Amino acid sequence: MRIEEIQNEIVEEFALFDDWMQRYEYMIELGKSLPLIEEQYKTEDNIIKGCQSKVWVHAELEEDKLVFTADSDAIITKGIIAILIRAFSNQKPMDIIEANTDFIDKIGLKDHLSPTRANGLVSMIKQLKLYAIAYQTQLN
Amino acid sequence: MITTKLDIDTIRKDFPILHRKVNGYPLVYLDNAATSQTPKQVIDSIVDYYSRYNANIHRGVHTLSQEATDAYENARIKVQKHINAAEPCEIIFTSGTTESINLVANGFKSFLEKGDEILVSAMEHHSNIVPWQMLCEQTGAILKVIPMDQEGDLLMEEYIKLLSNSTKLVVCNHVSNALGTINPIEQIIGLAHEVGAAVLIDGAQAAPHIKIDVQKLNVDFYTISAHKICGPTGVGVLYGKEEWLTKLPPYQGGGEMIAEVTFEKTTYADLPHKFEAGTPNICGGIAFGAALDYMNSLGYEAIASYEKELLEYATKELTSIKGLKIYGTSEHKTSVISFNVEGIHPYDIGTILDKLGIEVRTGHHCAQPVMDYFKVPGTVRASFSFYNTKNEVDILVEGIKKAIQMLS
């Protein structure tokens, strides 16, 4: 599936819930399906700055697609990174670079998008895109 | 003296913000150690200043400037009386505790030599660690740490052992922002003076809860932030004994702080203006005065007695939650409770509580060494003020239970 299709799918899933509590519970649930980063990659270098909790992200190129794995010591943060990775993993670096992230707003996480929020959602998106840029350069 | 009981319902009417909703729930504001809310009496003083007599102070010959100058200098006298300083000139208006500490640290550059020692407590806010580290880097002085125990009490025997003729300065908070511990500063000051060391006490967390008497404490420097005592942000005070402030070189150069300027030489103004370069936060100073009037109209004894009741109730109720651990269990505490729930990240709890309209702080509270000591990434901190209620404690407890249910 293309990034946009996956994002639409996520938006539809979240639309089933009436209130924030159900949305958060679903997000926590999604966190449990996050493709976990291998312990060896849980290094200081792989920690995303700007989060109150720790978030590690690792990226690897499999053929022409970028595959992300991650983890966090906070459950909600784990849910957020799981949503992002579901949308961006297994995609071509150029598609990741060009993808927009409006779907975050649509699933009711808009308040998490402010750059001053301590959860670092903005930093996470930036880090995923930076990986994509780095690997795109490699592909060129 | 009979302590009058506070009428909390009436008091809450003074605070417009307490009546708003957050995420659809009535606001439960429990982040008072970060900043306190502002009563309408203080808000009115700000509106009044900008509506009636906004003008630059000192030097002006016109009426508005005179009125603003009088109000600002009157605020200085209010602070002086509030902390029982001997002279108004011992009250330096700053932007807050952080600037107050930096002002002293900067001034001590000329007093320290290589090998001199500064003692700092293990439970300091970063703002009372970093300026001293910078000072040590610049002078070759050595920073030594007064350790604490698991309850969050300073180890006084260790402190006594650290004191020597090399000790030039002892810096310590009156109340810990991360743990709520009220430190035995009278004893700390007395012991430091025995070896000839000066003492700076960071009073940011004490001023909202404890009536301070700088002369009785015999403290050399004491710092306060207005925004933690129902005042506005961006203004605070450095109290310094006149003899110390006279010795200390100016902090920043500029207008207001000079007596005479030529390109060959500048002479400095007398205290307190020597340390108040540039146009100060005039409105902030005046509003700070209004905040002190408000606090004193309630009375510190009544505030302390009610907050003690709240602290005891909240401690009892929170302790009843399975897996909840409180950090900072000193017998001498202000109404601050730092805690974690086993297996749950403080950030997760804080996020869910916010969704329920309950505002707490999560993280390291700018006191990373304290977090390192307890081997936690951070804590959830609920800090109570005199306008909080037992009902709000109950809402917090229910909120935590809800968060545990969602996050486990």
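The structure under discussion appears in the preceding block.
Residues numbered from 1 in each chain as written. Chains lettered and ligands numbered in written order. Predicted model: local features only at pLDDT ≥ 70, side-chain atom pairs only at ≥ 80, totals over all residues. Heavy atoms only, no water.

**Q** For this particular structure, what's the right way to read the nonpolar core?
**A** A general feature of soluble globular proteins is that nonpolar side chains tend to end up buried together. Residue and element names in this part refer to chain B. Of all hydrophobic cores here, the largest spans 157 residues; its most connected members are Y222 and F386. Looking at which element gives the most residues to this core, the answer is helix 10 (residues 282–298), with 11 residues. When we break this core down by domain, the ones giving at least three residues each are domain 1 (8–30 + 299–407) and domain 2 (43–296). Contacts of F386, omitting those with residues within four sequence positions, involve L6, I8, I11, F15, C230, Y294, M295, L298, I303, Y306 and E307. (Core = buried A, V, L, I, M, F, W, Y, C linked by side-chain atoms within 4.5 Å. Buried < 20%, exposed > 50% of the residue type's maximum accessible area, 1.4 Å probe, protein only. Helix = DSSP H or I, 4+ residues; strand = E, 2+ residues; numbered from the N terminus. Domains from an automatic or database assignment. Contact = heavy atoms within 4.5 Å.)

**Q** Honestly, the interface of chain A and chain B in this entry has me stumped. Any pointers?
**A** For an interface, size is often stated in terms of accessible area lost upon the parts coming together. Chain A puts 16 residues into the contact, and the matching count from chain B is 14 residues. Buried area between chain A and chain B, summed over both chains or domains, comes out near 1,500 Å², and the portion from carbon and sulfur atoms is 62%. The largest share of the area that chain A buries against chain B comes from A:W20, A:Q52 and A:I76, three residues that together contribute 38% of it. Linking chain A with chain B are 0 salt bridges, by the criterion used here. Linking chain A to chain B there are 3 residue pairs in polar contact (both at pLDDT 80 or more). Listed by contribution, the elements that provide at least two residues to the side of chain A that touches chain B are helix 2 (20–32) and helix 3 (75–88) of chain A. Here the element with the most residues in the side of chain A that touches chain B is helix 2 of chain A; it accounts for 5 residues. Among the residues forming the side of chain A that touches chain B, the class breakdown is 7 nonpolar, 5 polar and 4 charged. (Buried area = accessible area lost by both parts, 1.4 Å probe. Salt bridge = Lys/Arg side-chain N within 4 Å of Asp/Glu carboxyl O. Polar contact = N/O pair within 3.5 Å; in protein donor to acceptor, adjacent residues only side chain to side chain. Nonpolar A, V, L, I, M, F, W, Y, C, P; charged D, E, K, R; others polar.)

**Q** Just to check I follow, could you spell out helix 3 (residues 63–82) of chain B for this structure?
**A** The α-helix advances 3.6 residues per turn, and as a result positions three or four apart in sequence lie on the same side. Residue and element names in this part refer to chain B. Taking 1.5 Å of rise per residue, the 20 residues of helix 3 would be expected to cover 28 Å, and the 28 Å separating its terminal C-alpha atoms lies within 8% of that figure. Regarding helix 3, the residues found buried are S65, A68, T69, A71, Y72, A75, R76, V79, Q80 and H82. Looking at the buried residues of helix 3, the elements they touch are helix 2 (40–52), strand 4 (91–94), strand 10 (236–240), helix 10 and helix 11 (300–319). Directly beyond the C-terminal end of helix 3, a positive phi value near 55 degrees is found at N84. (Expected span 1.5 Å × (residues − 1).)

**Q** Please explain the state of the cysteines as it appears in this structure.
**A** By definition, a disulfide links two cysteine residues through a covalent bond between their sulfur atoms. All names here are of chain B. Inspection of the entire model under this criterion finds 0 disulfides over all chains. The thiol of C283 is not disulfide-bonded; the next cysteine sulfur, from C230, is found 16 Å away. Relative accessible area serves as the criterion here: at 7%, C283 is assigned to the buried category. (Disulfide = S-S within 2.5 Å.)

**Q** Can you help me understand unusual backbone geometry in this one?
**A** Excluding glycine, residues mostly carry a negative phi; peptide bonds, for their part, are mostly trans. All names here are of chain B. Following L271, the chain continues into P272 via a peptide bond in cis, with omega recorded as 0 degrees. If you trace the backbone, P272 turns up in the loop between strand 12 (266–268) and helix 10. Here the phi dihedral of K375 falls at roughly 55 degrees; this positive angle occurs in a residue that is not glycine. By secondary structure assignment, the location of K375 is in the loop between helix 13 (368–374) and strand 17 (379–383).

**Q** Please explain a nonpolar patch on the surface as it appears in this structure.
**A** Residues and elements named next belong to chain B. Together, I258, V261 and Y268 make up a nonpolar patch on the protein surface, roughly 270 Å² of accessible area in all. Position of I258 among the secondary structure elements: in strand 11 (residues 258–261). Residue classification places I258 among the partly exposed residues on the basis of a relative accessible area of 32%. (Patch = residues over 30% accessible without salt bridge, like charges linked within 9 Å, V, L, I, M, F, W, Y side chains within 5 Å. Areas by Shrake-Rupley, 256 points an atom, 1.4 Å probe, with all protein chains shown as cover.)

**Q** Sorry, what's going on with the packing of helix 2 of chain A against helix 14 (residues 390–407) of chain B here?
**A** The relative placement of two packed helices is expressed as an angle between their axes plus a distance between the axes. Helix 14 of chain B packs onto helix 2 of chain A with a crossing angle of 40 degrees between their chain directions and a minimal axis gap of 10 Å. The angle between helix 2 of chain A and helix 14 of chain B places the two elements in the oblique class. Contacts between helix 2 of chain A and helix 14 of chain B involve A:W20, A:M21, A:Y24, A:E25 and A:I28 on the former and, on the latter, B:K402, B:M406 and B:L407. A per-class count over the contact of helix 2 of chain A with helix 14 of chain B returns 6 nonpolar, no polar and 2 charged. (Axes fitted to C-alpha atoms, helices over the stretch in contact; angles between N-to-C directions. Parallel < 35°, antiparallel > 145°, perpendicular 65-115°, else oblique.)

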